[in-house]
Amino acid sequence: MTERRPVGLEVRSEVVLPTNVAPEDANLVADFTPNLIDVGEHHLCPGCGEPIAIRAVMDAIAVLGLADKSMAVFGIGCSTAFSNNLDVEVLQALHGRAPSVATGVIRMRPELAVFTIQGDGDMGNEGLQEVLHAAARGENIVCIMLNNGVFGETGGHLTVTTTIGQRTKNTIEGRDADKHGHPMRIAELIAQIDGVGYVARGAVNDAGNVARTKRMVVEAFASQQAGNGLSFVEILTMCPTGWFIPTEDAPDYLAETIAGTHAVGVLRQEQSEQ
Amino acid sequence: MSSRLVEGSEVVADAMVRAGCRFFAGYPMTPFTEVLEHMASALPEVGGVCINAESELEAVGMVWGAAAAGTRAATGSTGQGLSLMQESIAEASLAGIGFVVLNMARGQGDYFQATRGGGHGDYRTPVLAPWGPAEVGDLVADAFDLADEWRNPVVVIGDYYLAHTWVDLDMSSEVATPRPSPAWALDGSSGGTGAAKLVSPLGTTKQRDGVGYDLAAHYAGCAERREQMTAGIAPRAELTHTDDAEVVLVAYGTMARYADAVVTALRAEGERVGLVRPITLWPFPEDIVAGAAEGSNVVAVYENNAGQMIDDVRISVGKSVPIVGLNGFQTDSSAFGIAPDVTVENLTASVRELLAGAKA
């Protein structure tokens, strides 16, 4: 069960409804407890999109009934904060190495729903060739890339997905293609590889996109379960800290800036042979 | 007994399969390539998997995953390729993931890499050095046992000669049934129970237990485990005629075969020369080497590099007996570690000089 705790709420009135327990006379109509996440409280920055994305992934595993036949392979980045906070088995990989590690797992345990969680710095910068090769080999795994366009954990530095004009700590005046090169569209790169079952790019900047992203992740796992080869879901996530903007501006910044280069949508969907 | 002519690389591959290895990933590189070729044909026959990885980084990553999933797994290369794998080897030690790493080295220039590790942080890898195909079977099996027991990468180091020498060898022994998956390994089944397993170089403490990753505590635990491993592995060496030797040779792997031939021939002439052959390069058999050196006039370290193992011999023997290095042999243009001056004749001449000096 997920532990819910009231966190840092300022008491503004005499009567405060507790958020961690239901009132005695409450009638439960919907349970919003996150699936398969041990502790609901996270220690990432306010406004971070990664907890929403992780929750979408874990919801998909729960919906498909895969909790006891799945394995997460985590990379290194801000999202590593969840690698010891899930109620599915987790194998921690090194920075950039999750797809090859997941390959070793799936080859020995082909019955499992093996999935990787990496950021754009981890997958796109440090180990881009890994996901490309895993895709071309047709490894039957789900690869998730949380794309916020920066190295969040180091404090907001340029990655291969950083958009033109985006300010980072080492492109302080904004990414200039002449000086810093062009952004790479990772989902498009993977979508053109033979052996890939499903490719989509979602986002978690508003309720509609969160719902669409959850459906994409469910599709990705369903494709993996059908044995269609590598599934890839890129999820655009907010990083107000690494974008140097007010927290409340981050969802719109994602929609206007990041998604302008990295367009949301389904890029490839192979039909199951079953 | 059914012996046949077989290449060293096939003996290595065969030994891994017999030891229960069911996953192998590697990237072709001379003189390791033929081991990969043999694994590619041998593993599928026993239900295993061999992947021709797209890089050494991916090869060791795949082995990380397969080993964590409970399989006896191995990778390999020559020293250059192993340089690329060092990050994973170092961190696998911290994650408690054991597997075997072959180094079909070019010469013996990878002694430091193997025994000191080329990776970061405080870690150690046991290193076993067979001196020929006949010893490969036992040492490869030992390497997998050590990797299981200590949940740590273990290096088996050979060279061009071991990989490419054809020998007449009995290849008929039984293929062992792979051992069951260890209890710590992952199979997905603990998910959803409230106690899902975690394997990580960052530690295994979960947030639900009120603590997250505590690297200071984890690294301290790893250091303790490393000390236990150091104390728990018996250093091994083979002694030949060292009891009354005036000149004690120290050599491992292929070089020890030349040294052994020289010692045998000179002993037939009545010359007091002996050989210590380290089999575990880490832990180094310090006490055995020191014991063999005691009472001798000179210790000569014969190695196909610019002088690396001589450091461990110095640590073992101290300053009680003079130590000389017979090393620095020029290799041929292939750069595969073939040194034309490494011959029985040349070593015999060198040892005669040392004997003359010892008698003078």
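Residues numbered from 1 in each chain as written. Chains lettered and ligands numbered in written order. Predicted model: local features only at pLDDT ≥ 70, side-chain atom pairs only at ≥ 80, totals over all residues.

A few points about the domain arrangement of chain B
All names here are of chain B. For the record, the criterion: Domain delimitation in this document rests on an assignment produced automatically or drawn from a domain database. Remark: residues whose backbone-derived C-beta atoms lie within 7 Å of one another are considered to be in contact. Only runs of H or I of at least four residues qualify as helices and only runs of E of at least two qualify as strands under DSSP, and these elements are numbered from the N terminus.
Partitioning chain B into structural domains gives domain 1 (3-170) and domain 2 (237-359). Centre-to-centre separation of domain 1 and domain 2, based on C-alpha positions: 27 Å. Across the contact, 25 residues belong to domain 1 and 23 residues belong to domain 2. Elements that contribute at least two residues to the side of domain 1 that touches domain 2 include exactly helix H5 (111-116), strand S6 (127-128), strand S7 (154-159) and helix H7 (160-164). If one sorts the elements of the side of domain 1 that touches domain 2 by residue count, H5 sits on top with four residues.

A look at the sheet that holds S6(B)
Residue and element names in this part refer to chain B. For clarity, the cut-off: DSSP calls a pair of strands paired once it identifies at least 2 bridges connecting them. Geometry is summarised by axes, namely lines fitted to C-alpha atoms with helices restricted to the contacting stretch, and by angles between N-to-C directions that run from 0 to 180 degrees.
On the basis of which strands lie adjacent, the open sheet formed by seven strands has the order S3-S2-S4-S5-S7-S6-S13 and mixed pairing. Of all the strands in the sheet, the pair left with one neighbour each is strand S3 (49-52) and strand S13 (280-282). Inspection of the sheet shows strand S2 (residues 23-26) paired to strand S4 (residues 73-77) by four bridges, in the parallel sense. Bridge pairing links Gly 26 to Gly 76 in S4. Contacts between helix H2 (residues 33-45) and the sheet are confined to S2, S3, S4 and strand S5 (100-105), with S3 contributing the most and set at about 140° to the helix.

Describing unusual backbone geometry
Residue and element names in this part refer to chain B. Pro 31 follows Thr 30 through a cis peptide bond whose omega is 5°. Relative to the helices and strands, Pro 31 resides in the loop between S2 and H2. The step from Trp 282 to Pro 283 runs through a cis peptide bond, and the omega angle for that step is -5°. Tracing the sequence through the fold places Pro 283 in the loop between S13 and helix H10 (286-293). With phi around 60°, Ala 335 is a residue other than glycine that occupies positive phi space.

A closer look at the packing of helix H1 (residues 8-18) of chain B against H2(B)
All names here are of chain B. Threshold: Any angle from 65 to 115 degrees is called roughly perpendicular, while one under 35 is roughly parallel, one over 145 is roughly antiparallel, and all others are oblique. Here is the rule for handedness: rotate from the far helix to the near one, and if that takes an anticlockwise turn smaller than a right angle the crossing is left-handed, while a clockwise turn gives right-handed. Residue polarity is assigned by list, with Asp, Glu, Lys and Arg as charged and Ala, Val, Leu, Ile, Met, Phe, Trp, Tyr, Cys and Pro as nonpolar; anything else, Gly included, falls into the polar class.
Where H1 meets H2, the closest approach of the two axes is 8 Å, and the angle between their N-to-C directions is 45°. One element, H1, and the other, H2, form an angle in the oblique class. At the point where H1 passes H2, the crossing takes the right-handed sense. Contacts between H1 and H2 involve Ser 9, Glu 10, Val 12, Ala 13, Asp 14, Met 16 and Val 17 from the former and Glu 34, Val 35, His 38, Met 39, Ala 42 and Leu 43 from the latter. Looking at side-chain class alone, the contact of H1 with H2 contains eight nonpolar, two polar and three charged residues.

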